[in-house]
Amino acid sequence: MKLFLVFFCAAACFAADLTGNWASGNAGADGVARKVYFELKQDGARIIGHIRSTQFYYTIKESTGDASGFTLTAGMMDGKSERTVRYEGKLEGEELHLGTRRNATAPLSQLVARRVPDGEGAYPARIPPPALHKVPANGLAKAPPMGWNSWNKFAGRVDDKSVRDMADAIVSSGMRDAGYVYVNIDDTWEGERDAKGNITSNKKFPDMRALADYVHGKGLKLGIYSSPGPNTCAGYEGSYGHEEQDAKIWAAWGIDYLKYDWCGARNLYTDDEMQAVYQKMGDALRVAGRPILYSLCQYGRADVWKWGPEVGGNAWRTTGDIKDTWDSMTNIGFKQNELAQWAAPGHWNDPDMLEIGNGGMNDDEYRTHMSLWSMLAAPLLAGNDLRSASPGILAILTNRDVIAIDQDKDGKQGHRAWKSGDQEIWVRELLGDDRAVAIFNRGAEKSEVKVKWGELEMRAPAKAMNLWSHQDEKLQGAELTASVPAHGVVLLRVH
Ligand code: GLA
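Here the structure is a predicted model, which is why all the values come from computation and not from measurement.

Rules behind the numbers
Residues numbered from 1 in each chain as written. Predicted model: local features only at pLDDT ≥ 70, side-chain atom pairs only at ≥ 80, totals over all residues. Heavy atoms only, no water. Near = heavy atom within 4 Å. Polar contact = N/O pair within 3.5 Å; in protein donor to acceptor, adjacent residues only side chain to side chain. Areas by Shrake-Rupley, 256 points an atom, 1.4 Å probe, with all protein chains shown as cover. Nonpolar A, V, L, I, M, F, W, Y, C, P; charged D, E, K, R; others polar. Phe/Tyr/Trp six-rings, centres within 6.5 Å; stacked < 30°, edge-to-face > 60°. Helix = DSSP H or I, 4+ residues; strand = E, 2+ residues; numbered from the N terminus. Buried < 20%, exposed > 50% of the residue type's maximum accessible area, 1.4 Å probe, protein only. Lys NZ or Arg CZ within 6 Å of the ring centre and 35° of its normal. Contact = heavy atoms within 4.5 Å. Domains from an automatic or database assignment.

Moving on, we get to the site of the ligand. What surrounds the ligand is a group of 13 residues, the closest being Asp186, Asp187, Lys259, Asp261 and Asp321. Aspartate 186 places a side-chain nitrogen or oxygen 2.6 Å from an oxygen atom of the ligand. One of the side-chain N or O atoms of arginine 317 is found 3.2 Å from an oxygen atom in the ligand. Look at the ligand: alone it shows 310 Å² of surface, and the protein chains cover 93% of it. Partitioning the shell around the ligand into residue classes produces seven nonpolar, no polar and six charged.

All told, the structure shown has 13 aromatic pairs when counted by the stated rule. An angle of 50° between the planes, with centres 6.1 Å apart, marks the rings of tyrosine 260 and tyrosine 294 as tilted. One end of the pair, tyrosine 260, is in strand E14 (residues 257-261); the other, tyrosine 294, is in strand E15 (residues 293-297), with 34 residues separating them in the sequence. Taking relative accessible area as the criterion, tyrosine 294 reaches 1% and is therefore assigned buried. Grouped by ring-pair contacts, the aromatic residues Tyr260, Trp262, Tyr278, Tyr294 and Trp307 constitute a single cluster. Its end group placed over the ring of tyrosine 214, arginine 164 keeps NZ or CZ at 4.9 Å from the ring centre.

On the secondary structure map, glutamine 423 appears in strand E20 (residues 423-429). Residue classification places glutamine 423 among the buried residues on the basis of a relative accessible area of 17%. Separated by 3.3 Å, the side chains of glutamine 423 and serine 447 make a polar contact. When sequence neighbours within four positions are dropped, the list of residues in contact with glutamine 423 reads Trp418, Phe440, Asn441, Ser447 and Val449.

The assigned domain composition of the protein chain is domain 1 (17-116), domain 2 (146-406) and domain 3 (415-494). Distance from the C-alpha centre of domain 1 to the C-alpha centre of domain 3: 55 Å.

The following block contains the structure:
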C-alpha cells in the first residue's frame, strides 16, 4: 500500500511538473499565429521563467501554487516604468489553462497552451545599437505629410480590398486633389519571414507589389508600417535584425512611406538607445533604392524632437495614441505648444492621426481637431472610412483654406498666444505677411471671445477671412469679437 502511494505520487508529481515551453494561439484568418509563449521552470515551490506575448517579454517575478492551480506575476521594464502581467491557471491533462486580465475590472481572457519544443519562440538576443552619426535628410516632407492611415478605423481588419477602396474613395471624394496622397497601411499586414529571412505579407495582402501599382495608378502613394523590435504592437513580425533587408523589399514593392513603431524594441533597448535604433532604419532607407518618407512612432519619448532629424526622420509622434473623443483629442492637441520650435520643412511634430468622421465627436469638435492640427503644422492623416464619409465630414477634411494653413511653406508651427479659462487663441505665422489666428472655445457653452490684437503681439490686421464660414470678418480696429460654438473654433487668416 505504502509503495503504491509513493509510486502514485511520483507519477502524479512528474505529470504535474510545469517545466517546459508552452504556447497558445493558432493562425488567424490572415494565416499568422501570434502565439503567447510560457517558458516555465518549476523550481521547488516556485515557478520561474518568461512569458512572451505580442510585443512584450516578461520575466516571472512571483508565483503561487503548482500545476493543480497557480498564479504567475511577471514584469518588464518599459522605459522608466515597470509593466506587470498576472496569469492564473492550472494543468488539465496535456493542456495548460490560463486566464489573465488587462486590469482589475477587465474581463478574464482565457487561453489554452500546449507543450512546444524548447527554443520555439525564444526571444532573440540583443544586437548592440550602432554608434551615432547623422543620417542625411532625404528631401521629403517639405510640408507635413497628408493622406490616410488604416489604424484608427480598421485596426486589424485592414486588407488589400479596403486599401484599394480607400484609394478609390480618396480620388472620388476630392481628397487627393486637396492634397491627401499617402495611403498608409498600419499594423497587421505582416506575414512570416521566408527561409532567407525575407518578410512576406500575410493572407490579407496577397500581392503588395500589385497593390502598390494600383495605388500609384491613382496618383497616390503607398505607406507601410513596421517596428525596430522583433514584434510590432499587435504582435506581428517586426524588422529587428532585418532592417536593410526589409527596406529593400519595401522599396521593391513600391512603398513610399514607413511608420516605424517602437513596440517590441522596448524589451531590448532603453529609451536612451532609441536614437541609435531609429538611425539604423534611417540608414537602411537611404540605401533602399527609393525615396521613403520616414515617420517615427515612439509616443514622444526621449525628447524625439531633438534628434528626429538626425536619424533621417520626417515626422515623429509626440504623444501616445489618440482616441475618437473630445478629451483625448484636446488633451493631445492643446499640449503641443512647447514643441513649436522643433517643427520645420522636412521634419514635423506628429500629434497622431485624425479621428475626423469616426463618430465620437460632433462637427464643431471635428472642426476644432482639423483647425488645431493645421495650426500645429501636423501631418494630416485621415483615419476614417472614406467610402462612407458624409459630405459634412468631407467638407471638414477638404477645406482648402484650412489645409493651406497646415501646408504653409514657411513651416512654422503655431503657438498659444492667449488663454483665459476655456478660451484660447493660437497664432501661426505664415509665409509673407499673413497669420493664422485660431480662437478656440474648449468650454461646453457657446462663448463670445474678444480678440485684442495687441495682446497677441500683432498689429490690427487689414483683412480677416473666416476659414470655416468663408467670409471676411468685420474688423473694428484694435478688437474683434468672435462668437465661438461650444467645443468649437473660429479660424481666421489675417493679413
Ligand atoms: C501603436 C501606434 C498606433 C498603431 C498601433 C498598431 O499603438 O501608436 O498608432 O500603429 O501601434 O499596432
